Amino acid sequence: MEKVELLAPAGDLEKLKIAILFGANAVFCGGKQFSLRAKANNFSLVDLKEAVTFANKHNAKVHVTVNIVPVDDDFATLDEYLLALDQIGVHAIIVSSIYIMKRAKELNCHFEVHVSTQHSIANSKAIEFFKDVADRVVLARELSIDDIKDVKNKSVLPIETFIHGGMCSSYSGRCTLSNAMVNRDANKGGCAHSCRWTYHLYLKDTLVSNDNFIIASCDLMSIKYIPSLLSLNIDSFKIEGRMKSVHYIATVVNAYRKIIDAVYDNKNNDKIDIKPYINQIKKAENRITYTGFLSKKLKNEALLLNTSKENPTQSFIAIVLSQKDENGYNLIEVRNNFKNKIKANYLSANGNSGNVKILQLKDLDFNEVDIARHPKQILLAKLDVDLPVFTLIRKK
């Protein structure tokens, strides 16, 4: 049985490489044109060429979002852009516009065409509609695991389903709050996430509650459903989060990589302990997670109404940039404030994790550093463990 594709987000080249090295079989990213997530560090054509080269080297794939809801003026450069993506060798595009799907096929592009979740595809009849213009469909996020099973059994196209990340408080992202409140078009990549702002509750002109609240939903986490989802022979599991950090991408991707592999390797059908994978993800959480719509028995816990439930973390303190030199120093890049000679935790791209002590810190002029307090600063670090490049170092 062919393994499911693990598809991860990539907001820039660094995140793309991290996602692949930490276990993704494919990544999705946005170009400078036709892509939602306008505030992500979207990829130029030069960046995309480097991304495809890196992915090919690691037996991975690059999917490019071409998923804006276009108006007529947007089509002027469409053919040129699609042909450029084809020339670069991207493996798939993710599309919301039926015309763009059709046009990609008419141009005989070699990449696959995937129907975006923006179409809210929730049944096999809708999938059948796209069979002549698409190669895969991304299901709506509002389906239970039983619904997904039913659709997969009847589908004429491969299926992709979300397993982790942000959930829209509107149905599959069909929201105009951002447009109405701050004139930022969510369907052109400009969503201001108005549902996550803090609000006061009024009854007419009378203040009912002084408590700040938001109207968003918890993030999706499907760890407990992975064995069941794998049994459905879904073609791709998708993690959301092109705006997320390197730490988030590496941690979440690696957790899902490990549990997916554990299920495939479980020849005796033993019950798999999911706690280690959940605990790993909690190290990178910045919002409370829930199982979304996968269970038909939805509960209020899926709603994120209180800003105190936001969990920003500063546990990620550095990333290893080089192997040890002849003097025993690694180059590291600072990501959050930490002291010299602390005991920390690490996660490597090979899946290894454990404890590490920072024995010595120096700047590039070999001056001693007592506290690393400047994000993105490059330091020399002497560690008690030999760590490979791209290893994440985190507070214990």
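Provided above is the structure to which this section pertains.
Small disclaimer: the values here were computed from a predicted structure and weren't measured.

(A) Summary view of the environment of Val356. Checked against the element boundaries, Val356 lands in strand β19 (residues 353–362). Ignoring anything within four residues of it in the chain, the contact list for Val356 reads Ile342, Lys343, Ala344, Asn345, Tyr346, Leu383, Asp384, Val385, Leu387 and Ile393.

(B) Seen up close, the packing of aromatic side chains. Here the structure, examined in full by the defined rule, presents three aromatic pairs. With 5.1 Å between their ring centres and 90 degrees between their planes, Phe129 and Phe130 make a pair best called edge-to-face. Taking the relative accessible area as the measure of exposure, Phe129 reaches 56% and is therefore exposed. The class for Phe130 is buried, based on a relative accessible area of 4%. A cation sits over an aromatic face here: Lys244 above Tyr248, 4.9 Å from the ring centre.

(C) A look at the side chain of Ser178. Structurally, the position occupied by Ser178 is in helix α7 (residues 177–182). Residues within four places of Ser178 in sequence aside, it is in contact with Asn183, Arg184, Gly190, Cys191, Ala192 and Ser194.

(D) Main features of the pairing of strand β12 (residues 236–239). In β12, alternate side chains face the same way, and those of Ser236 and Lys238 on one face and Phe237 and Ile239 on the other are all buried. Pairing between strand β1 (residues 5–9) and β12: three bridges, direction parallel. Across the sheet, Leu7 pairs through a bridge with Lys238, a residue of β12. Across four bridges, strand β7 (residues 159–165) lies against β12 in parallel orientation. Considered in β12, the bridge of Phe162 is made with Lys238.

(E) The arrangement of helix α4 (residues 98–106) in detail. Listing the buried residues of α4 in full gives Ile100, Met101, Arg103 and Ala104. Taken down its axis, α4 places every buried residue within 165 degrees of arc, on the same side. Buried-residue contacts for α4 involve β3 (61–66), α3 (78–88), β4 (92–95) and β5 (112–115). At the N-terminal boundary of α4, the capping side chain belongs to Ser97, with an oxygen 3.3 Å from the backbone nitrogen of Tyr99. Immediately beyond the C-terminal end of α4, within one or two residues, lies Asn108, with a positive phi of roughly 60 degrees.

(F) How the structure looks around the packing of α3 against α4. Remark: α3 packs on α4, axes separated minimally by 11 Å, with the N-to-C direction vectors making an angle of 55 degrees. If you check the angle between α3 and α4, you find them oblique. With respect to the hand of their crossing, α3 and α4 are arranged in right-handed fashion. Across from Leu78, Asp79 and Leu82 in α3, the residues of α4 making contact are Tyr99, Ile100, Arg103 and Ala104. Of the residues that constitute the contact of α3 with α4, the class distribution is five nonpolar, no polar and two charged.

(G) Layout of the pattern of salt bridges. Per the counting criterion, the structure on display carries 15 salt bridges. In this structure, Glu160 engages Arg136 in a salt bridge whose closest nitrogen and oxygen atoms are separated by 2.7 Å. Of this pair, Glu160 sits in strand β7 while Arg136 sits in strand β6 (residues 136–138), placing them 24 residues apart in sequence. In this structure, Glu160 and Arg136 share a single accessibility class: buried. Three or more residues joined by partner-sharing salt bridges are found here, namely Glu5, Arg136, Glu160 and Lys238.

(H) Representation of helix α6 (residues 145–154) in the model. Looking at α6, one finds that the buried residues are Ile145, Ile148, Val151 and Lys152. Looking down the long axis of α6, one finds its buried residues gathered within 120 degrees of arc, a one-sided arrangement. Those residues of α6 that are exposed and aimed more than 90 degrees away from the buried face are Asn153 and Lys154. Its buried side turned inward, α6 meets α5 (124–129), β7 and α8 (226–230).

(I) Highlighting a nonpolar patch on the surface. Taken together, the side chains of Leu177, Met181, Val182, Trp197 and Ile215 make up a nonpolar region of the molecular surface, amounting to roughly 380 Å² of accessible area. Note that Trp197 resides in the loop between α7 and β8 (199–203).

(J) Quick look at the environment of Lys396. Looking at the element boundaries, Lys396 is found in the segment after β22 (392–395). We classify Lys396 as exposed; its relative accessible area is 65%. As a C-alpha pair, Lys396 and Val66 span 330 residues in sequence and 40 Å in three-dimensional space. Not counting residues up to four positions away in its chain, the partners in contact with Lys396 are Lys343, Ala344, Asn345 and Asn355.

(K) View of the packing of helix α9 (residues 246–265) against helix α10 (residues 275–282). For the pair α9 and α10, the least separation of the axes is 8 Å and the interaxial angle reads 170 degrees. Taken together, α9 and α10 sit at an angle that is classed as roughly antiparallel. Judged by residue contacts, Thr251, Val252, Asn254, Ala255, Tyr256, Lys258, Ile259 and Ala262 of α9 engage Tyr277, Gln280 and Ile281 from α10. Here the residues of the contact of α9 with α10 sort into seven nonpolar, three polar and one charged.

(L) Molecular detail of the sheet that holds strand β16 (residues 330–334). One closed barrel holds the six strands; their spatial order is β15-β16-β21-β19-β18-β22, and the pairing between them is antiparallel. Put simply, the sheet's adjacent strands are angled 45 degrees from each other on average, direction ignored. Inspection of the sheet shows β19 paired to strand β21 (residues 378–383) by four bridges, in the antiparallel sense. Paired with Gln360 across the bridge in β21 is Lys382. Packing of α9 onto the sheet brings it into contact with β15 (316–320), β18 (343–347) and β22, and relative to β22 it is tilted by some 100 degrees.

Rules used throughout
- Residues numbered from 1 in each chain as written.
- Predicted model: local features only at pLDDT ≥ 70, side-chain atom pairs only at ≥ 80, totals over all residues.
- Heavy atoms only, no water.
- Helix = DSSP H or I, 4+ residues; strand = E, 2+ residues; numbered from the N terminus.
- Contact = heavy atoms within 4.5 Å.
- Phe/Tyr/Trp six-rings, centres within 6.5 Å; stacked < 30°, edge-to-face > 60°.
- Buried < 20%, exposed > 50% of the residue type's maximum accessible area, 1.4 Å probe, protein only.
- Lys NZ or Arg CZ within 6 Å of the ring centre and 35° of its normal.
- Pairing = 2+ DSSP bridges.
- Arc of directions from axis to C-beta.
- Polar contact = N/O pair within 3.5 Å; in protein donor to acceptor, adjacent residues only side chain to side chain.
- Axes fitted to C-alpha atoms, helices over the stretch in contact; angles between N-to-C directions.
- Parallel < 35°, antiparallel > 145°, perpendicular 65-115°, else oblique.
- Left-handed = near helix turned anticlockwise from the far one by under 90°.
- Nonpolar A, V, L, I, M, F, W, Y, C, P; charged D, E, K, R; others polar.
- Salt bridge = Lys/Arg side-chain N within 4 Å of Asp/Glu carboxyl O.
- Patch = residues over 30% accessible without salt bridge, like charges linked within 9 Å, V, L, I, M, F, W, Y side chains within 5 Å.
- Areas by Shrake-Rupley, 256 points an atom, 1.4 Å probe, with all protein chains shown as cover.

By themselves, these figures tell us nothing about what the structure is for.
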